[in-house]
Amino acid sequence: MPNGQEDPAVSGQDDAGARTLFDKLWDAHIVREESADTPAVLYIDLHLVHEVTSPQGFDTLRARGLPVRRPDRTLATLDHSTPTTPPDANGERHYFTPQAKSQVQQLERNCDEFGVRLEGWGSQQRGIVHVMGPEIGATQPGMTVVCGDSHTATHGAFGALAFGIGTTEVGYVLATQCLLQRKPKTLRITVDGRLGQGVGAKDLILHIIRTIGVNGGTGHVIEYAGEAIEALSMEQRMTVCNMSIEAGARAGMIAPDQKTLDYLRGRPLAPRGEAFEAAAERWLALRTDPGAEFDREVRLHADDIAPTLTWGIDPGMSVPVTGTVPAGGAPGTDRALGYMGLEGGQALLGHAVDIVFVGSCTNGRISDLREVASVLQGRQVAAHTRMLVVPGSEAVRRQAEAEGLHEVFLAAGAEWREPGCSMCLAMNGDLVPPGKTAVSTSNRNFEGRQGPGARTLLASPLTAAACAVAGKVVDPRDFLPAPAPKREAA
Amino acid sequence: MDAFTTLTGQVLVLPEENIDTDQIIPARFLTATSFEGMGDHAFADWRYDREGQAVPGCVLNEPRAAQSPILVAGRNFGCGSSREHAPRALLGFGFRVVISSEIADIFRGNSQNVGLLPVVLPEAVHTRLLAMDGEELTVDLEACEVRTPGGERHAFEIDGFARYCLLNGMDRLDFLLAQDQTITRYEERHERQDSAAAG
Ligand code: SF4
């Protein structure tokens, strides 16, 4: 639109018309308004696809003789079932099961048949769907983004409305580029202050989930706001939005700002030149208007947030690293303590760690790997501990190798793998053995998530690296690079 | 999708809270490219030990489990992943209704899409139903109520469109496909705006 004119769809002026970031996105994507009888028909700008939740969606098209309505708005990758070990001497990839292989081949065939772009084997852009999308600039502010994957909320870090859908809905979006949705409620979580040294985005979101509960966001779209959120880098914002579903919210979002623009400029699929500047102006106008109302508000202070680990079997069961796990007594707590092999009331510090996993769509980005390397530099992973570092995408892998981070990992005794979901959900054979305790930078600590009987402690990359070196749970703040020496007062 | 109107059947109770989709269907079963046979793997890690032996004392292994179409589960059922394999596995196992005091969003939507009826009841009622393991209930989608043999009637709310689709076994894709022209108009309008903004 010409400069200086307001698009009514993306700006609100007075308090009466003041709208939230979510409201603006919702309004702009309504194909057909909701009524008492029918949900809204919502247009989807970007549909991300992976091998696990799409096969039956494509089958629906085939059964009805339908094409993919907008292949240009559909983007597929391979991430969940893929091995993270390199191909053998003959170029063969060793899948965990024959089904895993056939699932991957099925997506290759489907993309071929329906003309969908696939970042598959050999693509320099392949990666975990929620790492890849932002990285190549496919994810942009103001978009609606869906994927058959509950961590789609990650893309909300860009001021997109992004959420996970089921496979039947994958079929709907393939066929019509639309979804049927009831308008969710809004929840703003404002975090004042600044995170302390050694406290990261992961600690922040674990703290939020513990505070509002694993069902605290049910029925809501969360907007994260406040000084602590604005201070986060784009990658850290993705970590926060990623785990919105762990608080029950389908989507989490953060208003676009200068950092968002700086991140996107020059990405392969982002607009270029003047088009970028025009888009930037629209994107910045998406932020919540002053006076806009949310259905619920929660306010927290960054000073209250310490390095945090989960101790139990849902992501809300967490404590500050120096804390103690709850005393038993309640059935849910007892079940969790029993599964995790913990005594009620015990300290987490000093608890032995068998495996450390660094990776996933929560914390498998380059800044995460840099943090891990900063701790591992010149140190060794404890003898009884196995450590896996799995980059979130090919681009992350390349960047890490260009910076020599992989050499730091290897020298410390960690494994350096190929990109994929890996031990986050343990579909590809990267498993935590039964009864073993893993400190993991992923997002779910459900029973059996990382393998049958696996015991997961979720933590930040910094905490994970420190625990790997110590072979037990330690406070990552004891492993920070020493501050520049101060001159002694005479 | 099979239509759902009214069903009378036995209740199976799983009182645990926050039963997540990784419990309902562990990730290693997600490599299938069809939903067939998913029911065999429902709650696999609750029902079977690591050697594949049935876990003694697990209610899901009792013969009555497969004959119980109504699952009453603890609060916040179905949290976690968006895998539609979860409601598909429950359907395959033999459930047609899931009742809780709270059901996670994505799971609830997926259930409605595949013909598993999610019923959310107030906590006090839910607590009473949690004590009805093995008893009979009637779930009436036309009247939107759950009835006990003792004559109690508990109304529940469900989105009108979801109810209509379930009652008629209607596939929402037909509804969406019928919007084709509206969708095309939306696309034209927006792509014009975008290119105007770009130019
Ligand atoms: S890394 Fe884990 S959470 Fe993220 S998309 Fe993969 S399996 Fe899902």
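Residues numbered from 1 in each chain as written. Chains lettered and ligands numbered in written order. Predicted model: local features only at pLDDT ≥ 70, side-chain atom pairs only at ≥ 80, totals over all residues. Heavy atoms only, no water.

Okay, the overall build of chain B next. Broken down by element type, chain B carries 9 helices and 7 strands. With the principal axes as the frame, chain B shows a C-alpha extent of 70 × 45 × 25 Å. For chain B, buried positions account for 54% of its 199 residues. For chain B, the proportion of contacts with a sequence separation of at least 24, taken over those separated by at least 6, is 66%. (Helix = DSSP H or I, 4+ residues; strand = E, 2+ residues; numbered from the N terminus. Buried < 20%, exposed > 50% of the residue type's maximum accessible area, 1.4 Å probe, protein only. Contact = heavy atoms within 4.5 Å.)

So, about the overall build of chain A. Within chain A one finds 16 helices and 19 strands. Since a compact globule built from 490 residues should have a radius of gyration of about 23 Å, the 22 Å found for chain A is in line with a globular shape. Its C-alpha atoms put chain A at 60 × 60 × 50 Å along the principal axes. A burial count over chain A gives 65% of its 490 residues as buried. Surface accessibility of chain A: about 16,800 Å² in total, with carbon and sulfur atoms responsible for 50%. (Rg over C-alpha atoms; globule rule 2.2 N^0.38 Å. Areas by Shrake-Rupley, 256 points an atom, 1.4 Å probe, with all protein chains shown as cover.)

Further remarks concern the packing of helix H2 (residues 55-64) of chain A against helix H3 (residues 98-114) of chain A. All names here are of chain A. Between H2 and H3, the least distance of the axes is 10 Å, while the angle of their chain directions is 35 degrees. As H2 runs across H3, the sense of the crossing is left-handed. Contacts between H2 and H3 involve Pro55, Phe58, Leu61 and Arg62 from the former and Gln106, Leu107, Asn110, Glu113 and Phe114 from the latter. Residue classes in the contact of H2 with H3 are distributed as 5 nonpolar, 2 polar and 2 charged. (Axes fitted to C-alpha atoms, helices over the stretch in contact; angles between N-to-C directions. Left-handed = near helix turned anticlockwise from the far one by under 90°. Nonpolar A, V, L, I, M, F, W, Y, C, P; charged D, E, K, R; others polar.)

What follows deals with the side chain of B:Thr148. Residues and elements named next belong to chain B. Mapping Thr148 onto the fold places it in the loop between strand S6 (145-147) and strand S7 (153-155). Overall, the relative accessible area of 11% leaves Thr148 in the buried class. If sequence neighbours within four positions are ignored, Thr148 has contacts with Met132, Leu137 and His154.

Attention now goes to the confidence of the model for chain B. Close reading of the predicted structure is inappropriate where its pLDDT is low. When pLDDT is averaged along chain B, the result is 94, and 97% of the positions lie at 70 or above. For this predicted complex, the interface score ipTM comes out at 0.92, while the overall pTM is 0.93. (pLDDT = per-residue confidence, 0-100.)

It is worth spelling out the site of the ligand at this point. All names here are of chain A. Taken together, His80, Ile128, His130, Asp149, His151, Ser360, Cys361, Cys421, Cys424, Leu425, Asn443 and Arg449 form the complete shell of residues around the ligand. By residue class, the composition of the shell around the ligand is 5 nonpolar, 5 polar and 2 charged. Each of domain 1 (43-158 + 164-176) and domain 3 (309-483) gives at least three residues to the shell around the ligand. (Near = heavy atom within 4 Å. Domains from an automatic or database assignment.)

Residues and elements named next belong to chain A. Considered domain by domain, chain A is made up of domain 1 (43-158 + 164-176), domain 2 (183-303) and domain 3 (309-483). A separation of 24 Å is found between the C-alpha centroids of domain 2 and domain 3. Taken residue by residue, the interface counts 15 residues in domain 2 and 25 residues in domain 3. A buried area of about 1,600 Å², summed over both sides, lies between domain 2 and domain 3, and 53% of it is on carbon and sulfur atoms. (Buried area = accessible area lost by both parts, 1.4 Å probe.)

In this structure, A:Phe58, A:Leu161, A:Ile189, A:Val191, A:Ile208 and A:Tyr224 are the most contacted members of the largest nonpolar core, which totals 88 residues. Among the elements that take part in this core, helix H6 (residues 201-212) of chain A stands out by supplying 7 residues, more than any other. Not counting residues up to four positions away in its chain, the partners in contact with A:Phe58 are A:Val49, A:Val68, A:Leu107, A:Asn110, A:Phe114, A:Val116 and A:Leu174. Judged by nonpolar contacts, the second largest core, of 82 residues, contains A:Trp311, A:Val389, A:Ala466 and B:Ala44. (Core = buried A, V, L, I, M, F, W, Y, C linked by side-chain atoms within 4.5 Å.)

We now examine the packing of aromatic side chains. All names here are of chain A. Per the counting criterion, the structure on display carries 10 aromatic pairs over all chains. Between the aromatic rings of Phe22 and Trp26, the centroid separation amounts to 5.8 Å while the plane-to-plane angle is 35 degrees, which identifies the pairing as tilted. Here the residue Phe22 and the residue Trp26 both occupy positions in helix H1 (residues 21-28), the gap between them amounting to 4 residues, near one helical turn. For Phe22, a relative accessible area of 3% translates into the label buried. By relative accessible area, Trp26 is classed as buried at 5%. Sitting over the ring of Trp121, Arg93 keeps its end group 3.8 Å from the ring centre. For Arg267, the ring lying beneath its charged end belongs to Tyr263, and the centroid distance is 3.8 Å. (Phe/Tyr/Trp six-rings, centres within 6.5 Å; stacked < 30°, edge-to-face > 60°. Lys NZ or Arg CZ within 6 Å of the ring centre and 35° of its normal.)

Residue and element names in this part refer to chain B. In this fold, Met38 is placed in the loop between helix H1 (21-24) and helix H2 (44-47). With relative accessibility at 2%, the residue Met38 sits in the buried group. Placed 52 residues apart in sequence, Met38 and Leu90 show a C-alpha to C-alpha distance of 8.2 Å. Apart from the residues within four sequence positions on either side, Met38 is in contact with Ile25, Phe29, Ala32, His85, Arg88 and Ala89.

What follows is about unusual backbone geometry. Phi is positive for A:Ser360, which is not a glycine, with a value near 90 degrees. If you trace the backbone, A:Ser360 turns up in helix H12 (residues 360-363). With phi around 55 degrees, B:Asn18 is a residue other than glycine that occupies positive phi space. Judged by its relative accessible area of 14%, B:Asn18 falls in the buried class.

To continue, consider the pairing of strand S4 (residues 74-77) of chain A. Residue and element names in this part refer to chain A. Side chains of S4 alternate between two faces, with Thr74 and Ala76 and Leu75 and Thr77 buried alike. In this sheet, S4 lies alongside strand S3 (residues 46-50) in parallel orientation, the contact comprising 4 bridges. Residue Leu48 lies in a different strand from S4, and its bridge partner there is Leu75. Read as a crossover between parallel neighbours, the route from S3 over H2 to S4 is right-handed. Here S4 pairs with strand S5 (residues 117-119) via 3 bridges, running parallel. Considered in S5, the bridge of Leu75 is made with Arg117. Tracing the backbone out of S4, into H3 and back to the parallel element S5 gives a crossover that is right-handed. (Pairing = 2+ DSSP bridges. Right-handed = clockwise from strand over helix to strand, strands pointing away.)

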